[in-house]
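Here is what each chain is made of, one letter per residue.
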Protein chains: 2
Amino acid sequence: MEKVICFRNIGELIQVQSRRQTPKLVKKTRCALLVSQGRVNRVIRESEVNHHDFSREVDLKGRSVLPGLVDCHTHLIFAGDRKDEMEQRMAGTSYMEIHKNGDGILNTVNATRQATEDELYETARLRIRRMMTLGTTAFEIKSGYGLDLDTEKKMLRVGQRLRKNLRVPLTLTYMGAHAAPQGKTIQQYFEFVMEHLPEFRNLADGVDIFCERDVFTVAHLRRLFLHAKLVGFHQLRAHVDEFAHQGGCHNAARLGAISCDHLEHITPHDIRALQLSGTTAVLMPGVTFFLGGKKNPPVHAMIEAGVTLALATDCNPGSGPSYNMQTVLGLAQSLYRITPDQALIAATHGSARALDGHNDYGGLLPGQRADFIVLKTNDYRDLFYYFGENFVDQTYSAGKKVNGEKDPVAF
Amino acid sequence: MEKVICFRNIGELIQVQSRRQTPKLVKKTRCALLVSQGRVNRVIRESEVNHHDFSREVDLKGRSVLPGLVDCHTHLIFAGDRKDEMEQRMAGTSYMEIHKNGDGILNTVNATRQATEDELYETARLRIRRMMTLGTTAFEIKSGYGLDLDTEKKMLRVGQRLRKNLRVPLTLTYMGAHAAPQGKTIQQYFEFVMEHLPEFRNLADGVDIFCERDVFTVAHLRRLFLHAKLVGFHQLRAHVDEFAHQGGCHNAARLGAISCDHLEHITPHDIRALQLSGTTAVLMPGVTFFLGGKKNPPVHAMIEAGVTLALATDCNPGSGPSYNMQTVLGLAQSLYRITPDQALIAATHGSARALDGHNDYGGLLPGQRADFIVLKTNDYRDLFYYFGENFVDQTYSAGKKVNGEKDPVAF
């Protein structure tokens, strides 16, 4: 007989169905989740449990069960911190001013170049384990703190090792085009990135570029994307229109980007491009919040246009040190004025779609990975209502409990 | 010999000194905190520890020690929740619209009237215990969900019982003038509140009023304050200028309010009044955030004018269900663009001043209560940098460890 684990006595089970055009949150009460070979078998009524024979039963005590949260945009492999920069910003200096002064990202670049591969691996591993404890079950990680061949490759090897050892869905992105290193112009460094792009094909699933005023242009984005396609990268992503409108979103979508990220300054024209291309819009309210941005992305216009929304932390030492997807859910609700349902769909199914993983995880549907979280209460809206509290009691990846670090680590 | 407890091996100890005009954060490293009879005796260097004899030594393992956080504005005694209302608001209805439709506060009033005194006590006790675990060591609680004599008195008796049993600094405020109950006009109900005011003198330390468009007017505020003074209430507080400018702040300050709370719509004229009267400005960024308010109080103008700022959760089931002062610190930094120092001073010394408790607690200075928190790391800026994470490891009230509920309670 096939081994089936029965997670029984579930007070409320949330799934995200997406067969129709618009993904929908479905709530079942008093039920049990059957898992076999790490995947969802099916959901039955609690009253039916005793008619079956299971290899193992887990009593979830009437609590809420939700699809694991998916963090589809992070830079979580890095060394050092930038708390001093945070204080500078709170005293009035802007993020882009700090960047232009050669500070900001380049501080992290120096620290990351100096760190050994093992050091980077260990801090990133602790970070991911803590994120899992807080409810995240699938990740994306970008390189981009090397800005030279050795360090960029080192970061991606760390990512490969994390994927292999942690056995969670983990998408890797090469983001050489993150900033220009000291001593090179944007143009010089961009040509260098283009020349060496093929060397990263076996290290990453996709590419990304920071398309922004004073960083990389829309022309750079277009060239990178076309070259990346030729080289064989499947997933094209871009940081676009975050601080000002450059047209990056429109161009990235037209060239088949799987996700366009940030989007604070996009226009109806850009939304139309996302709609036509089926590109997922990755929103990171924690960054706007932390940087004190006055402008949120046009979330409601995107919802009306049927654009798939995703949510992510952007976990990085400069513009978004928070790594907690529960925090992102609450920020998204309050800053974007969207309902708990809309935020939760974006942070599960939507983010999975940004990683092309939506058939495999993000909905807690039969056949998908049994990646889920058990809350401390029986109402998933508590995540939003009591903002700032940690409601995740247990995290499961492929049906196995994976609660990691109990406490935050002194990163 | 006097019993002295030595909290040793402190990585970083934060005190708030306020003898000068402007309170200042002082940081000491590698030191030990000596506590006798529940109060701070003095701080010595770690290297001096072995030259003394203590009744007990506690090793704090190089971590940060901060004054306990002070939550100077809450409505934490209540029954029921308003999660449905939250969803309505996220779908587009405004807080004041809900209030005008006879919903909102009145839902909580019905639930609180129906709850027994023991039920109210037990839920409030659990809430406070959880808040203590998250770092709060002094509280203010308002009545105002009864709007009749019996329930208002019941709420305040619950408050008295909490104060007696929990032995933490706890200020009680009578807020009959919170809304009008069903079946009475604002004017009718206000006369009722005025008539019975003396009956609350032995139950509460002060009075409060919700002065806002469509609720109580500035004229009501003035009459209540003058009457409250005559009756013998020492602490006058007011919810003012939250959704629109009514002149409540100016008038409350002129009449000697100890705190003016909310202040989103105050003018330079109001700031001048706060400055002249020495009234503390109580800010609750969690409410603006949760309600989707576009306007923050003029925080920098108040800082420049030398007005004392305080921070609070406003913990209540309608406009601010979050009860976590760590969350308030992060929200204050990011929404108001103030530094970690400024936010921390406001949430300790400032909030203590709003409760007239600043000589007794809030600074961790010699002679003050030994109310402090021990973080999980050695840098208090982690509270701000990794927003959304819980960094409080231990909470001490009068030198005794008081970590309460480990998990959030299903309120």
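Sequence positions are assigned chain by chain, starting from 1 and proceeding in written order. Chains and ligands are labelled by the order in which they are written, letters from A for the one and numbers from 1 for the other. Confidence filtering applies because this is a predicted model: local features only for residues at pLDDT of at least 70, side-chain atom pairs given and counted only at 80 or more, and all residues used for totals across whole chains, interfaces and linings. Note: side-chain values were computed over all heavy atoms of the structure, leaving out hydrogens and water.

Visitor: Teacher, can you tell me more about the relation of the copies chain B and chain A here?
Guide: Copies of the same chain, two in number, are related to each other by a rotation about an axis and a translation along it. With an RMSD of 0.0 Å, the fit of chain B onto chain A corresponds to turning through 180° and sliding 0.0 Å along the axis. Taken together, these values place the two copies in the relation of a two-fold axis. In terms of proximity to the rotation axis, the leading residue of chain B is Gly-388 of chain B, whose C-alpha is 2.9 Å off the axis. Interface overlap between copies is the fraction of interface residues in one copy that are interface residues in the other; for chain B against chain A it reaches 100%, indicating a shared surface. Only residues with pLDDT of at least 70 in both copies contribute their C-alpha atoms to the least-squares superposition of the copies. Note on contacts: a residue pair is in contact if any heavy atoms of the two residues lie within 4.5 Å.

Visitor: How should the side chain of Glu-212 of chain A be read in this particular structure?
Guide: Residues and elements named next belong to chain A. The numbering of helices and of strands both runs from the N terminus, where a helix is a DSSP run of H or I of at least 4 residues and a strand a run of E of at least 2. Of note, Glu-212 is situated in the loop between strand E9 (206-211) and helix H7 (218-231). We note that Glu-212 is buried and unpaired, the nearest opposite charge coming from Arg-213 at a distance of 5.5 Å. Here a polar contact means two N or O atoms within 3.5 Å. Within protein one must be a hydrogen donor candidate and the other an acceptor candidate, and residues neighboring in sequence count only if both atoms are side-chain atoms. A polar contact of 3.2 Å, which involves the side chain of Glu-212, links it to the backbone nitrogen of Phe-243. Note on classification: 1.4 Å probe, protein chains only; a residue is buried when its accessible area is under 20% of the maximum for its type, exposed when over 50%, partly exposed between these limits. When charges are tallied, Lys and Arg are placed among the positive residues and Asp and Glu among the negative ones, while His and the ends of the chain are skipped. In what follows, salt bridge is the name for a side-chain nitrogen of Lys or Arg lying within 4 Å of a carboxyl oxygen of Asp or Glu.

Visitor: Looking at this model, I keep getting lost on the pattern of salt bridges. Mind explaining?
Guide: Charged atoms that come close allow side chains of opposite charge to pair. Residues and elements named next belong to chain A. Per the counting criterion, the structure on display carries 47 salt bridges over all chains. For Glu-46, the salt bridge is made with Arg-8, and the minimal N-O distance between the two is 2.8 Å. In this pair, Glu-46 is assigned in the loop between strand E3 (39-45) and strand E4 (56-59) and Arg-8 in strand E1 (residues 5-17), connecting sequence segments 38 residues apart. For Glu-46, a relative accessible area of 17% gives the class buried. Between Asp-393 and Arg-63 there is a salt bridge whose closest N-O contact spans 2.9 Å. Of this pair, Asp-393 sits in strand E15 (residues 392-397) while Arg-63 sits in the loop between E4 and strand E5 (64-67), and the two are 330 residues apart along the sequence. On the basis of relative accessibility, which here comes to 22%, the residue Asp-393 falls in the partly exposed class.

Visitor: Explain the domain arrangement of chain A here, please?
Guide: Residue and element names in this part refer to chain A. Residue ranges for the domains trace back to a domain assignment, done automatically or taken from a database. Per the domain assignment, the segments making up chain A are domain 1 (5-67 + 363-401) and domain 2 (69-354). Look at where the C-alpha atoms of domain 1 and domain 2 centre, and you get two points 30 Å apart. Listed per partner, the contact involves 23 residues of domain 1 and 23 residues of domain 2. Summed over both sides, the interface between domain 1 and domain 2 buries roughly 1900 Å², with carbon and sulfur atoms accounting for 69% of that surface. Joining two parts hides part of their accessible area as seen by a 1.4 Å probe, and the buried area is that hidden amount summed over both. Summed over the three residues of domain 1 that lose the most area to domain 2, namely Leu-25, Phe-384 and Phe-387, the buried surface amounts to 30% of that side.

Visitor: Please explain the nonpolar core as it appears in this structure.
Guide: Among soluble globular proteins, nonpolar side chains are generally buried collectively. To define a nonpolar core, start from buried Ala, Val, Leu, Ile, Met, Phe, Trp, Tyr and Cys residues and group those joined through side-chain atoms within 4.5 Å. Membership of the largest hydrophobic core comes to 241 residues, with the highest contact counts inside it found for Leu-311 of chain A together with Leu-311 of chain B. Counting residues in hydrophobic clusters, the runner-up holds 17 residues, among them Ile-5, Leu-60, Val-65 and Ala-370 of chain B.

Visitor: Could you clarify how one ought to interpret the sheet that holds strand E10 (residues 235-240) of chain B in this entry?
Guide: Two strands in a sheet stick together by hydrogen bonds in their backbones, pointing the same way (parallel) or opposite ways (antiparallel). Residues and elements named next belong to chain B. The parallel open sheet is built from eight strands, whose spatial order is E6-E7-E8-E9-E10-E11-E12-E13. Pairing within the sheet leaves two strands with one partner each, and these edge strands are strand E6 (69-71) and strand E13 (309-311). With strand direction ignored, the average angle separating the axes of adjacent strands in the sheet is 25°. Pairing between strands requires that DSSP locate at least two bridges from one strand to the other. Inspection of the sheet shows strand E11 (residues 259-262) paired to strand E12 (residues 280-283) by three bridges, in the parallel sense. Bridging across to E12, Ser-259 finds its partner in Thr-280. Axis definition: a line fit to C-alpha positions, over the contact stretch in the case of helices; interaxial angles, taken between N-to-C directions, run 0 to 180 degrees.

Visitor: Quick question: what am I supposed to make of the interface of chain B and chain A here?
Guide: Interface size, as often reported, equals the accessible area lost upon joining of the parts. Counting residues at the interface gives 49 residues for chain B, matched by 49 residues for chain A. For the pair chain B and chain A, the summed buried surface comes to about 4300 Å²; carbon and sulfur atoms form 59% of the total. Taken as a group, Met-90, Arg-337 and Tyr-385 of chain B account for 19% of the area that chain B buries against chain A, more than any other trio of residues on that side. Linking chain B with chain A are 10 salt bridges. Lys-83 of chain A is the salt-bridge partner of Asp-382 of chain B, the closest N and O atoms lying 2.5 Å from each other. Where chain B packs against chain A, one counts 26 residue pairs in polar contact (both at pLDDT 80 or more). Put simply, the parts of the chain that give the side of chain B that touches chain A at least two residues each are helix H1 (83-90), helix H10 (285-291), helix H12 (325-336), helix H13 (340-354) and helix H14 (382-385) of chain B. For the side of chain B that touches chain A, the residue count by class is 23 nonpolar, 11 polar and 15 charged. All residues other than Ala, Val, Leu, Ile, Met, Phe, Trp, Tyr, Cys, Pro, Asp, Glu, Lys and Arg, Gly among them, are scored as polar; the first ten of these are nonpolar and the last four charged.

Visitor: Just to check I follow, could you spell out the environment of Ile-98 of chain A for this structure?
Guide: Residues and elements named next belong to chain A. Structurally, Ile-98 can be placed in helix H2 (residues 95-100). You can call Ile-98 buried: its relative accessible area is 2%. In the structure, Ile-98 is positioned 19 residues away from Glu-117 in sequence and 28 Å away in space, judged by C-alpha atoms. Here Ile-98 is in contact with Glu-85, Gln-88, Arg-89, Thr-93, Asp-103 and Gly-104, once residues within four sequence places are set aside.

Visitor: It is not clear to me how the sheet that holds E9 of chain A should be interpreted in this structure. Could you clarify?
Guide: Residues and elements named next belong to chain A. Read from one edge to the other, the open sheet built from eight strands follows the order E6-E7-E8-E9-E10-E11-E12-E13, with strand pairing classed as parallel. Looking at strand neighbours, the two that pair on one side only are strand E6 (69-71) and strand E13 (309-311), the edges of this open sheet. Each adjacent strand pair in this sheet contributes to an overall mean axis angle of 25°, direction not counted. Bridge count between strand E12 (residues 280-283) and E13: three bridges; the pairing is parallel. For Leu-283, the partnering residue across the bridge sits in E13 and is Leu-311. Taken strand by strand, H7 contacts E9 and strand E10 (235-240), and its axis lies near 175° from that of E9.

Visitor: What am I meant to see in the packing of aromatic side chains here?
Guide: The way to describe two aromatic rings as a pair is by their centre distance and the angle between their planes. Any Phe, Tyr or Trp ring, taking Trp's six-membered ring, that has another such ring centre within 6.5 Å forms a pair; planes under 30 degrees apart are called stacked, those over 60 apart edge-to-face, and the others tilted. Per the stated rule, a full pass over the model turns up 23 aromatic pairs over all chains. Look at Phe-387 of chain A and Phe-289 of chain B: their rings are 5.1 Å apart centre to centre, the planes differ by 40°, and that puts the pair in the tilted class. In this pair, Phe-387 of chain A sits in the loop between helix H14 (382-385) and E15 while Phe-289 of chain B sits in helix H10, so the two residues belong to two different chains. As far as burial versus exposure is concerned, Phe-387 of chain A and Phe-289 of chain B are alike and both buried. Relative to Phe-200 of chain B, the ring of Tyr-174 of chain B lies with its centre 3.8 Å away and its plane at 5°, an arrangement referred to as stacked. Here Tyr-174 of chain B, found in strand E8 (residues 170-177), pairs with Phe-200 of chain B, found in the loop between helix H6 (186-196) and strand E9 (206-211); they are 26 residues apart in sequence, far enough to count as distant. According to the relative accessible area criterion, Phe-200 of chain B is buried, its value standing at 0%. Within the aromatic cluster, the residues linked to one another by ring pairs are Phe-290 and Tyr-323 of chain A together with Tyr-385, Tyr-386 and Phe-391 of chain B. Geometrically, a charge over a ring is one whose NZ (Lys) or CZ (Arg) sits within 6 Å of the ring centre while staying within 35 degrees of the ring normal. Between the NZ or CZ atom of Lys-184 of chain A and the centre of the ring of Phe-192 of chain A, over which it lies, the distance is 4.1 Å.

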